[in-house]
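Summary of structural features
The primary structure of each chain is shown beneath.
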Amino acid sequence: MACHPLKSLLQLQLASDASSVLHLSSVLSTLSEDSLSPSPHLQRWTSRVTSLIHSKDAGARWAGICLAYRTSSLSKFTMTEFAQSWAGLALSILTKPEPPPLLKASIRYLRHVLSAATDVPELQRQLATPTVPKFSQALVSIIEKAADYELKALAMDTLRDVVILFPSLNRASSSSITNMCHQILNGSAPQRTNKLLLHNAAGLYAVLHYTGGKVGAANLWKKSVDETLQCLWAASMGLRTTFPVKNSPLPSSGLTCDDPVLAVALNLDRLQCSAAALCSLLRTTVQRPVQVPIGHIMEFCLFLLACTADEEKEGHVDTIVRALELAIVPELQSSACDLLCCLAKTVQHRLTPYVSRLVVMIAYHLEQNPSPERRCALLQCIQALLSNSFPLSSELSSTRLVKAIMLSLMPLLSTQSDAHIGETGSGQSKKGRKRRRDYEGDEVFKLSKDVICSSIAEKKAILCALDALQVTMRGPGLQSAIRSLACRVMLSLSLSLTVMSRSSLSQDVHLHSLVHAKVNGMCLELARGTASVMSRSLGLVLRSTVTEGNEHTMQTKLQLQQEVDLLLHPRGPPLVRPLPHVEALSLFRAEESNEELAARTSLALATTYDANSMDVVADPIMVISTPEPTPQPVPMHSIMPTPKIGAPEPISISSPVPTSQKTTSSITTAPTKISAEISSATSSRQLTKSLLTPSSMVVDDDEEEEKEGIPTIDMESDSDG
């Protein structure tokens, strides 16, 4: 006959206090609902658990509380029968200076028992009513006196659940809980408030209005929101003492202490703590409808977004305080973005009247080339605002925002130096590569290529930029030229990512798959504009299905693409096909409008034709003009170098591919005599004027110079003589 599991555990693993601590993990894993069913061994089991909790050894008491928690979670009958005795012992442990593991185990056990007692009226009357007030006071004492952050966070999280489950029983202790929350949310300096502690304190502070009942909860919530807004204004005014303050309900206050470093650090931490508390208040649940002060919150957010480092207050200004307040300006804008994200997700379309102004301010900050952390916060704010409100009605705001977001994606495109390297490696002849080498500098000795996204913030900024651009492109109020340019940029990204190695994008190899999948999804979404465009997007649809996997998966994907393409297009396409509209997708230079050309130039983006023309100007060659042929489509997957000008280094919106796919001007070499005649006949003409035609005959003068530099050798002469 098989031995009962409880009997084996009692005889072996739980025979002594030391063995109980040593074999606790195996005992907990062995217990099950069947083993705790009513049996003669169950009484001995509960007696052994009680004796462990009464033990003088702290480790044995910890093992007893853990066994009581496991037993109560597996058998509700046993929990109901022994809850009063075990809960009293666990509550007495919380009132003594015990080790943190024992305190954590006792808190978890009491939380489980009190939450399970809500559906048992008799247990709630006998256990919850006398235990909850004492348990809440014990948790407040632990939060105020304990030094372990994890223990304090667990106590606050448990107290939050207890307040929600038993609001009327915590009404007497609500003042002490509120004071404790204010003490934590008031900030600290020079060390900032722990993030885990701040999150739990804000969550506890946001549910204290439950203690007011169904009638008074709404008033308590509104009072908490107003007090938090006052704290936010007071902290922000303490951080702008050297700046002229406009449109503020509070006057500019001085430093809170004599040390300016401590004063600025304290006000900054207090601002961030109050912002976290306000976000928790906006996300919490209220029993009755309340009025959210959207206008007051938006006034504060606009004030933070308008904070820049340009202005300065008249009169004497302390240089140390000025430098400290200038350094924390990005922190103010990040706090504003966090508040706006929470507010947009809470009130949603009710924030629409303010979205247009917010978009203009955020676009301005994005145009100032901020740090990756700050750029990521701004992009997340844009995505939250546009996803939870009605589309923008202003065409100017949408256009400016799209151009600002695309600046964050420019590192993914190939630059001018990459274009030169790609061209000299495959497209030019030996003589052309020799001539190009004369203009190279230190980059010749560069053996490795820098990683595009070297930090976590840069990786996150790329992903946030793609999400923000996708939401912004869905709006109807966008100029057709900017929409066309954005489509071309996304298609160039899709083509360039296919030939880009994973390690060149980031040290995290999974980032390449995430970015590629997002870009393919955006290209597919942008191609849904018209039927003529969608009919040519079969490759985008198939490429967006699978973006990563093992070798077998990728081969299967390629075979699937070929078979589907064969089924849909069994014969070759007709020679005459209608081209897509430039408003939907402009892939040809001949269809590029003046507005799109101006927008592309402002973003320092260069096409193949621009790079080819400017490269011809830079080389010392002569040109013979020929009749201009019909404009040929410039493929988006070819790359050519661009000249260096005063603006930032232009970025090509193409990616390198084999030379056979390039379409360039015809470059030929004429005999030396013809070259000399042409050189003497056209020496007085301006070279730039003759280069305006997209196709030309180019004659190289370097061949004659190289031939003249080589001495002639008489083969009939006798060298021995």
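Residues numbered from 1 in each chain as written. Predicted model: local features only at pLDDT ≥ 70, side-chain atom pairs only at ≥ 80, totals over all residues. Heavy atoms only, no water.

**Notes on the overall build of the protein**
Looking only at helices and strands, the protein has 33 helices and four strands in total. When contacts within the protein are restricted to residue pairs at least 6 apart in sequence, long-range pairs at least 24 apart make up 76% of them. (Helix = DSSP H or I, 4+ residues; strand = E, 2+ residues; numbered from the N terminus. Contact = heavy atoms within 4.5 Å.)

**Examining the packing of helix α17 (residues 352-367) against helix α19 (residues 395-406)**
Taken N-terminus to C-terminus, the directions of α17 and α19 make an angle of 30 degrees; their axes are 9 Å apart at the nearest point. In terms of their interaxial angle, α17 and α19 are classed as roughly parallel. Where α17 crosses over α19, the two elements pack in a sense that is left-handed. Contact with α17, carried on its side by Ser-356, Val-359, Val-360, Ala-363, Tyr-364, Leu-366 and Glu-367, involves Ser-397, Arg-400, Leu-401, Ala-404 and Ile-405 of α19 and no other residues of that element. Partitioned by chemical class, the residues of the contact of α17 with α19 number eight nonpolar, two polar and two charged. (Axes fitted to C-alpha atoms, helices over the stretch in contact; angles between N-to-C directions. Parallel < 35°, antiparallel > 145°, perpendicular 65-115°, else oblique. Left-handed = near helix turned anticlockwise from the far one by under 90°. Nonpolar A, V, L, I, M, F, W, Y, C, P; charged D, E, K, R; others polar.)

**Structural notes on the packing of aromatic side chains**
Using the criterion set out here, one finds three aromatic pairs in the structure. Relative to Phe-300, the ring of Trp-233 has its centre 5.1 Å away and its plane inclined at 75 degrees; by these criteria the two rings are edge-to-face. With Trp-233 in helix α12 (residues 213-238) and Phe-300 in helix α14 (residues 294-305), the pair connects residues that are 67 residues apart, well separated along the chain. There is no split in this pair, since Trp-233 and Phe-300 are both buried. Taken together, the ring pairs in this structure connect Trp-233, Phe-300 and Phe-303 into an aromatic cluster. Looking at Arg-240, its charged tip hangs above the ring of Phe-243, at a distance of 3.7 Å from the centre. (Phe/Tyr/Trp six-rings, centres within 6.5 Å; stacked < 30°, edge-to-face > 60°. Buried < 20%, exposed > 50% of the residue type's maximum accessible area, 1.4 Å probe, protein only. Lys NZ or Arg CZ within 6 Å of the ring centre and 35° of its normal.)

**Quick word on the packing of helix α11 (residues 195-205) against helix α13 (residues 260-283)**
For the pair α11 and α13, the least separation of the axes is 8 Å and the interaxial angle reads 45 degrees. Regarding the angle of α11 to α13, the classification is oblique. Crossing handedness for the pair α11 and α13: right-handed. Here α11 contributes Leu-198, Ala-202, Gly-203 and Tyr-205 to the contact with α13, which in turn contributes Cys-273, Ala-276, Ala-277, Ser-280 and Leu-281. Looking at side-chain class alone, the contact of α11 with α13 contains seven nonpolar, two polar and no charged residues.

**Some thoughts on the confidence of the model for the protein**
For any part of a model where pLDDT is low, the fine detail of the predicted coordinates should not be relied upon. In the predicted model, the protein carries a mean pLDDT of 77, and the fraction of residues at 70 or more is 69%. Considering only residues more than four positions removed or in separate chains, one finds that residues 582-586, a stretch of pLDDT under 50, has 18 contacts. The low-confidence segment residues 616-708 (pLDDT under 50) makes 154 contacts with residues lying over four places distant or belonging to another chain. (pLDDT = per-residue confidence, 0-100.)

**A word on the pattern of salt bridges**
Taken as a whole and assessed by the stated rule, the structure comprises 13 salt bridges. Between Arg-111 and Asp-157 there is a salt bridge, with the nearest N and O atoms lying 3.8 Å from each other. Within this pair, whereas Arg-111 is found in helix α7 (residues 100-116), its partner Asp-157 is found in helix α9 (residues 149-165), the two being separated by 46 residues in sequence. Relative accessible area serves as the criterion here: at 23%, Arg-111 is assigned to the partly exposed category. Classification of Asp-157 as partly exposed rests on a relative accessible area of 30%. Here Arg-160 and Asp-161 are joined by a salt bridge, their closest N and O atoms 3.8 Å apart. (Salt bridge = Lys/Arg side-chain N within 4 Å of Asp/Glu carboxyl O.)

**Notes on helix α5 (residues 58-74)**
Taking 1.5 Å of rise per residue, the 17 residues of α5 would be expected to cover 24 Å, and the 25 Å separating its terminal C-alpha atoms lies within 8% of that figure. Where α5 is concerned, the buried positions are Ala-60, Arg-61, Ala-63, Gly-64, Ile-65, Cys-66, Leu-67, Ala-68, Thr-71, Ser-72 and Leu-74. At its buried positions, α5 is contacted by α2 (17-22), α3 (24-30), α4 (40-53), α6 (76-94) and α7. (Expected span 1.5 Å × (residues − 1).)

**Details of α11**
Every α-helix carries 3.6 residues per turn, so stepping three or four residues along brings you back to the same face. Where burial is concerned, most of α11 is hidden: eight out of the 11 residues are buried. Taken together, the buried positions of α11 are occupied by Leu-197, Leu-198, Asn-200, Ala-201, Ala-202, Gly-203, Leu-204 and Tyr-205. If you follow the buried residues of α11, they end up packed against α9, α10 (174-185), α12 and α13. Two to three positions downstream of the cap, the backbone nitrogen of Leu-196 sits 3.0 Å from a side-chain oxygen, assigning the N-cap of α11 to Asn-194. (Polar contact = N/O pair within 3.5 Å; in protein donor to acceptor, adjacent residues only side chain to side chain.)

**Observations regarding the environment of Asp-259**
By the element assignment, Asp-259 lies in the loop between α12 and α13. Along the sequence, Asp-259 and Val-321 sit 62 residues apart, while their C-alpha atoms lie 9.6 Å from each other.

**Here we look at the side chain of Ser-389**
For Ser-389, the location among the structural elements is in the loop between α18 (372-387) and α19. Residue class for Ser-389 comes out buried when judged on its relative accessible area of 12%. Polar side-chain contacts of Ser-389 include one of 2.5 Å to the backbone oxygen of Leu-385. Other than its neighbours up to four places away in sequence, Ser-389 contacts His-349, Thr-352 and Val-355.

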